[in-house]
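# A structural walkthrough
Okay, here's what each chain looks like letter by letter:
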Amino acid sequence: GQWPWPRWRLAALGDRILAAEPLALAIDILFAEPDRLSPEQVAARMPGLTPSARAALYALPSNDEKLGEALARGRVTVAVGGTSGEGAAPASFRTPTRLIGPDPSDRVTSFPARISSQDVIRNAARGEGIVNVPPERDNIVRRVPAIARIGEGQAYVPLLALDALRHAEGAPAFEVLAARRGVRAVRIGGFQIPTLPDGRVWPRLSLPNDHRFLSAAEAFRSDDLRSRLAGRIVILGSTASALGDFHATAVSPRMAGPEIQAQVIEAGLAGELLKRPPRVHLVEAIILAVAALLIALFLPYRRPLAAVGLLIAATGVVLVAGFAAYLSFGLLIDTLTPIAASALVFGQMLTAQL
């Protein structure tokens with residue numbers, strides 16, 4: 001679809017942002033079609049133009065060329081969208097990626113085709129990053145792909161926000177560190193960000209925060225934009241409801257896609273990515289088995305009130321331990337399943353006793 005602004009205005013906005021010397025600019029907008037407000041597009045569609053007026057419009061540079069010229073002036077990464085439609089991705093993307101270790105392609109999020117911006121725009125940028133944030137089965141976004149595979153050749157493409165971090169670090173390539181069980185981390189210059197085996201990261205999302213945002217209108221009006229943007233990573237995207245780039249997350253029913261991208265950068269730099277180790281389900285199974293055995297063998301069922309009190313105390317201990325693991329180490333451990341199973345064992349034992 002079409003962005004509602006003509007791209008010469010976005011080019012002017014890009015010039016304003018890049019003049020403020022940010023570390024990097026990531027554009028969370030797809031420019032998949034030629035700008036319908038570009039001079040040559042207007043000339044082709046507007047009836048009644050005189051031959052001289054039509055020729056004058058065709059002689060002007062296109063809006064896409066103007067945007068490309070603006071983006072070429074800085075460290076810019078543009079969006080690419082993975083899609084299930086038909087069509088091959090380009091042989092290579094603007095961001096160089098390097099795989100270190102065994103190929104984890106059978107685990108990584110993949111898309112058979114892509115939607116990219118116009119060539120004059122993507123070729124002016126220094127990188128491309130994926131903007132898909134696929135939800136879980138309950139349609140809530142919790143995990144975000146740090147790396148994905150797109151197209152027939154299944155080329156690796158980083159997340160848009162992380163490619164912007166690559167520009168900020170001055171890293172020549174985006175590195176994927178893999179092991180036998182899948183992806184273990186991505187490396188961006190001096191930063192190494194651990195991932196899940198499928199290449200996704202699990203940021204500890206915070207509530208939406210207006211202080212993260214700067215309106216385009218304010219960017220045009222401000223006389224001191226440098227103080228707001230210098231030395232920062234800037235993500236240019238949409239928060240207009242009609243454009244639909246909003247997602248339900250674990251902390252908010254409505255969060256803008258650019259803010260999710262920003263929070264991935266924040267969590268990666270601050271070391272606030274959540275972890276669920278590959279064998280944590282074994283730990284959970286052991287907790288369940290031990291809890292069930294203790295409840296079955298040692299609760300004083302001849303004194304029901306005491307038994308209920310001890311069950312509540314044990315449940316509290318398990319919950320506190322789970323929250324402590326989350327708050328202190330970013331570990332995600334399922335404590336509700338052992339608690340529910342223990343309650344079932346307790347009910348069975350108490351029923352048999354009575």
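Structure's up top.
Residue indices begin from 1 for each chain and proceed along its sequence in written order. Given that the model is predicted, a residue must reach a pLDDT of at least 70 before its local features are reported, and side-chain atom pairs must reach 80 or more before they are shown or counted; all residues, however, enter totals for whole chains, interfaces and linings. For side-chain calculations, the full set of non-hydrogen atoms in the structure is used, while hydrogens and water are omitted.

Let us now look at the layout of surface pockets. Using only the protein atoms, space was sampled on a 1 Å grid; points where a 1.4 Å probe fits but cannot get out form cavities, open sets with protein on both sides within 12 Å along at least five of seven lines form pockets, and lining residues are those with an atom within 4 Å of a point. Grid points are joined across faces, edges and corners, and a volume is the space filled by probe spheres set on the points. Computed from the structure, the largest pocket encloses a volume of approximately 1,000 Å³. Surrounding the largest pocket, 34 residues form its lining, Arg212, Phe213, Leu214, Val234 and Ile235 being those nearest its centre. What counts as a helix is a DSSP run of H or I of at least four residues, what counts as a strand is a run of E of at least two, and both are numbered from the N terminus. Mapped onto the lining of the largest pocket, the elements with two or more residues apiece are helix 1 (7–19), helix 7 (216–221), helix 8 (225–229), strand 14 (233–236) and helix 9 (257–270). By volume, the second largest pocket is sized at about 530 Å³. Around the second largest pocket, the lining is made up of 20 residues, and of these Asp28, Ile29, Leu30, Leu243 and Asp245 lie nearest the centre. Residue assignment for the lining of the second largest pocket shows that the elements contributing at least two residues are strand 2 (76–83) and helix 9. Side-chain classes follow a simple rule in which Ala, Val, Leu, Ile, Met, Phe, Trp, Tyr, Cys and Pro form the nonpolar group, Asp, Glu, Lys and Arg form the charged group, and the remainder, Gly included, forms the polar group. Among the residues forming the lining of the second largest pocket, the class breakdown is eight nonpolar, 10 polar and two charged.

Taken as a whole and assessed by the stated rule, the structure comprises one cavity of 30 Å³ or more. The volume enclosed by the largest cavity comes to roughly 50 Å³. In terms of lining residues, the largest cavity is bounded by Leu10, Gly14, Leu25, Ile27, Ile29, Phe31, Leu67, Leu71 and Leu236. Grouping the amino acids of the lining of the largest cavity by side-chain chemistry returns eight nonpolar, one polar and no charged.

Each Phe, Tyr or Trp ring, with Trp reduced to its six-membered ring, pairs with another whose centre is within 6.5 Å; inter-plane angles below 30 degrees give stacked pairs, above 60 give edge-to-face pairs, and intermediate values give tilted ones. Applying the stated criterion across every chain, the model contains one aromatic pair. Ring geometry for Tyr301 versus Phe346: centroids 5.8 Å apart, planes at 40°, classification tilted. Here Phe346 lies in helix 12 (residues 336–353) and Tyr301 lies in the loop between helix 10 (280–298) and helix 11 (304–329), a separation of 45 residues in the sequence. Note on exposure labels: buried denotes an accessible area under 20% of the residue type's maximum, exposed denotes more than 50%, and partly exposed covers the range between, all computed with a 1.4 Å probe on protein chains only. When its relative accessible area of 7% is taken as the criterion, Tyr301 is described as buried. Looking at Phe346, the relative accessible area reads 8%, which means it is buried. A ring is scored as having a charge over it whenever the NZ atom of a lysine or the CZ atom of an arginine sits within 6 Å of its centre and within 35 degrees of its normal. If you follow Arg204 out to its NZ or CZ, it ends over the ring of Tyr326, 4.7 Å from the centre.

When two helices pack together, their arrangement is given by the angle between the helix axes and by the axis-to-axis distance. Where helix 10 meets helix 12, the axes come as close as 9 Å, and the angle between the chain directions of the two elements is 20°. Taken together, the axes of helix 10 and helix 12 are roughly parallel relative to one another. Our pair here, helix 10 against helix 12, has a crossing hand that is right-handed. Of helix 12, the residues touching helix 10 (which contributes Glu284, Ile287, Leu288, Ala291, Ala292, Ile295 and Ala296) are Thr337, Pro338, Ala341, Ser342, Val345, Phe346 and Met349. The class makeup of the residues in the contact of helix 10 with helix 12 is 11 nonpolar, two polar and one charged. Convention adopted: a line fitted to C-alpha atoms gives each axis, helices being fitted over their contacting stretch, and angles between N-to-C directions are expressed from 0 to 180 degrees. Put simply, angles under 35 degrees are roughly parallel, angles over 145 are roughly antiparallel, angles from 65 to 115 are roughly perpendicular, and the rest are oblique. Each crossing gets its handedness from the near helix: less than a right angle anticlockwise from the far helix is left-handed, clockwise is right-handed. Any two residues having at least one pair of non-hydrogen atoms within 4.5 Å are treated as being in contact.

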